[in-house]
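# Observations on the three-dimensional arrangement
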Amino acid sequence: MTALIDIELELITRATARFPDAVVRDELDNNLLAELPTIQIEQIPAGGEDGLKLSRMLVDINVYAGTRADAIGLARDVHDWVTRELRGSASSTAVIGRTGALALPATRPYENVALRRVGATYEVFCHPVS
């Protein structure tokens, strides 16, 4: 039976180390403007498993920054991290296999015009360390 991991916690922990100048979290703070840039990582309630050990997690990653250029630049860095650096990596709790973008980084609307949001949707194939 597939053992599930907390993919949000796994990616937030790794992204915090990889992007030390950004706030990385799953939920946005009410004072978002004071915490830019922010990377928001949320698991989407979808995905699947192979019935043995491997899980396919879907994750939405949104980047918030003060300007469109900053948001696009950080989203590009996050994209490269997910699709290149995470692939084939392991931590003390999880092994990440194949990764890919289901929706490439693009600007997404946000109600606060004082900042910009760029987001993408990724699939992450992973399993717990055994």
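Preceding this paragraph is the structure being described.
A short tour of the structure in this document, coming up. Quick caveat: nothing in here was measured; it's all calculated off a predicted structure.

## What about the overall build of the protein?
Counting its regular elements, the protein contains 2 helices and 5 strands. Ordered by position in the sequence, the α and β elements of the protein form the string α-β-β-β-α-β-β. A compact globule built from 130 residues would reach a C-alpha radius of gyration of about 14 Å, and the protein, at 15 Å, matches this within 12%. Here the protein, with 130 residues, has 41% of them falling under the buried criterion. Taking as baseline every contact in the protein between residues at least 6 positions apart, the subset at least 24 positions apart corresponds to 60%. Entry remark: accessible area of the protein is about 6,900 Å², with carbon and sulfur atoms responsible for 52%. Charge separation in the protein, taken as the distance between the mean sites of 13 positive and 18 negative side-chain charges, equals 7 Å.

## Brief notes about helix α2 (residues 68-85)
Given 3.6 residues per turn, any residue in an α-helix points the same way as the ones three and four places further on. Under the 1.5 Å per step criterion, the end-to-end length of α2 is 25 Å for 18 residues, consistent within 8% with the ideal 26 Å. Listed in full, the buried residues belonging to α2 are A71, L74, A75, V78, H79, W81, V82 and T83. Elements that come into contact with the buried residues of α2 comprise α1 (7-18), β2 (38-49), β3 (55-65), β4 (94-108) and β5 (116-128).

## Some thoughts on the sheet that holds β4
Across the sheet, which stays open at both edges, the 5 strands sit in the order β1-β2-β3-β5-β4 with mixed pairing between neighbours. Both outer strands of the open sheet, β1 (23-25) and β4, are each paired with one neighbouring strand and no more. For this sheet the average axis-to-axis angle between neighbouring strands, irrespective of direction, equals 25°. Relative to β3, β2 is paired through 10 bridges, and the arrangement is antiparallel. Residue pairing in the sheet places Q43 in a bridge with V59 of β3. Against the sheet, α1 makes contact with β1, β2, β3, β4 and β5, and its axis sits at roughly 145° relative to β2, the strand it touches most.

## Digging into the pairing of β5
Of all 13 residues in β5, 11 are buried; the element is thus mostly enclosed. Of the pairings in the sheet, the one linking β3 to β5 comprises 11 bridges and is antiparallel in character. In the strand pairing of β5, R56 is matched with F125. Two elements, β4 and β5, share 10 bridges in a ladder whose sense is antiparallel. By the bridge assignment, G100 is partnered in β5 with E123.

Reading the values: the criteria
- Residues numbered from 1 in each chain as written.
- Predicted model: local features only at pLDDT ≥ 70, side-chain atom pairs only at ≥ 80, totals over all residues.
- Heavy atoms only, no water.
- Helix = DSSP H or I, 4+ residues; strand = E, 2+ residues; numbered from the N terminus.
- Rg over C-alpha atoms; globule rule 2.2 N^0.38 Å.
- Buried < 20%, exposed > 50% of the residue type's maximum accessible area, 1.4 Å probe, protein only.
- Contact = heavy atoms within 4.5 Å.
- Areas by Shrake-Rupley, 256 points an atom, 1.4 Å probe, with all protein chains shown as cover.
- Lys, Arg positive; Asp, Glu negative; His and termini not counted.
- Charge placed at Lys NZ, Arg CZ, Asp CG, Glu CD.
- Expected span 1.5 Å × (residues − 1).
- Pairing = 2+ DSSP bridges.
- Axes fitted to C-alpha atoms, helices over the stretch in contact; angles between N-to-C directions.

From the geometry alone we can't say anything about function, so treat these as descriptive.
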